[in-house]
Structure formats: structure tokens, C-alpha cells
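# Commentary on secondary and tertiary structure
Spelled out, the chains give:
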Amino acid sequence: MSQCCVCNKNIISDLFFTPDEEHPSYIFCDSCYRALRELSQRPSETEYRQIDTLFSDFARNTHIPISVRNVYRNADDTYWENKDSAQKYQDLYNRAIDELLLTTGSHFEGYKVTKYLDIISCEIIFKNSFLNSLSANLDDFFTSLSFRERELSGSMEQIERAKKHVMAQFRKKAVSLGANAVLGIDFESTFGSDVVKISVNGTAVTVDKIE
Ligand SMILES: [Zn+2]
């Protein structure tokens, strides 16, 4: 098992970034690599400070070759654009997200769980136009079926979009942990007075095909 040279986290998946080809044993985990890339996208001051905190020990650690540490110092657009490996990493990341196995059940046919990583959850809260119009037009609501159907389908569409959005975040979270599968996926919708909360949770794992 390899370790990230910035945060020392164990890297379980094959998803890591090698900052310097001369020193292939120094690798960045998914989170540190993403934080580094944030720097090239001109983050806000708060984001910048968070990233800087993450990297400050790494930048000071003289056991790490200077060429590896320079990746942090040179994290600008030109640097990343010229790196083929950054693109390779991105492709690998996207593929891992596409290939992530998801189930509401507790196992996958033909696979065995090799490691339980963590319970992950994501949520989204949004204003619901259907509920807004419902409270404003309560008297009309039951008499006007066409109104109801129209609003309801609009609302369903909104919920579907929210679900898609939250699932995309969820997949990213799982892949960042090194998971290639998530078990026991559970969606929950909570309706407030004029807001809806959609949340999803599950157990991130690594699985292997049973030979
Ligand atoms: Zn790391």
C-alpha cells in the first residue's frame, strides 16, 4: 500500500498522481491532487488558505525531493497544461466514476468485498416551487386538476434533477476514498414548509471479482 506524500493517507485505489516522474514513489492522493489543481483555478482567499495549510508541512519537508515539492510552488495553468500525466489522471478519475458499482443491496453477484472504507452521505436542499404554489392556492388545489398535474410534474422534474446532482457528488466522494463500489444506497426526501431535502447515503467499499 502506498501513502500520499502530502497528507500521509493510505492510497487504496490505483487513482493517484505522480508529481515527478524522476521520483515515482512520491505520489499524491486524490484529495491532495484536487486541492493542488484548485490553486490553478484562482480560488477564493479562504480556499487558498485551506490548501496552503494542507501543503505547508509538505513544502517544508526536506526529505521530499525539491522537484516533487516544486509541484506545489509551480501550481499554475502553464504547469498543468504541459503535463500529460495530469490528463491521464483526469481520464482515470472519470473512468473510475463511470465504473463505480452501486447497489441498494448488501452485495454484488460475482464480487466479494475486500475492504469497507467509510459511510458516505451527500445532500441537497432546494426551494420547492410546487410546495410554494400549494400553500398559496390551497383552495384551488383540489378543484383544478390540470393545475395540479402541471405543478406536480414540474416538481418531479426538479426532484429528479436534484437527485442526479446529489448522485454525481456522491460518486465523486466514493471514488476519492478509493472505492470501486457502494453498498446499501438509500435515498431520502424530506419535505419542509417550502424546501425539500434530498439525501443519499451508502457504504463505500472495494470489491474484487470472484474467480
Ligand atoms: Zn493526500
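Residues numbered from 1 in each chain as written. Predicted model: local features only at pLDDT ≥ 70, side-chain atom pairs only at ≥ 80, totals over all residues.

### Quick word on the sheet that holds strand S6 (residues 195-209)
Taken in spatial order, the 4 strands line up as S3-S5-S6-S4 in an open sheet, and their pairing is mixed. Each edge of the open sheet carries a strand with a single partner, namely strand S3 (101-102) and strand S4 (111-127). As paired elements, strand S5 (residues 181-191) and S6 share 9 bridges and run antiparallel to each other. In the sheet register, Asp186 faces S6, and the bridge partner there is Asn201. (Pairing = 2+ DSSP bridges. Helix = DSSP H or I, 4+ residues; strand = E, 2+ residues; numbered from the N terminus.)

### Side note on unusual backbone geometry
One non-glycine residue with positive phi stands out, namely Asn8, at about 65 degrees. Take Asn8: it is sitting in the loop between strand S1 (2-3) and strand S2 (10-11).

### Focus: the nonpolar core
Counting residues in each nonpolar core, the largest one holds 20 residues, and the members touching the most others are Cys4, Cys5, Val6, Ile27, Phe28, Cys32 and Leu36. Every element with two or more residues in this core is listed here: helix H1 (30-39), helix H2 (45-60) and helix H3 (66-73). Residues contacting Leu36, with those up to four places away along its chain left out, are Phe28, Val71, Tyr72 and Ala75. Counting residues in each nonpolar core, the second largest holds 13 residues, with Ile120, Val175, Val182 and Leu183 among its members. (Core = buried A, V, L, I, M, F, W, Y, C linked by C-beta atoms within 7 Å. Buried ≥ 20, exposed ≤ 12 C-beta atoms within 10 Å, placed from the backbone. Contact = placed C-beta atoms within 7 Å.)

### Points about the environment of Ser189
The residue Ser189 is located in strand S5 in this model. Those residues in contact with Ser189 that sit more than four places away from it in its chain are Ile159, Val196 and Ile198.

### Describing the pairing of S5
Where S3 lies against S5, 2 bridges are found, and the strand directions are parallel. The residue of S5 that forms the bridge with Leu102 is Val182. Here S5 folds back onto S6 in antiparallel fashion, the turn holding 3 residues.

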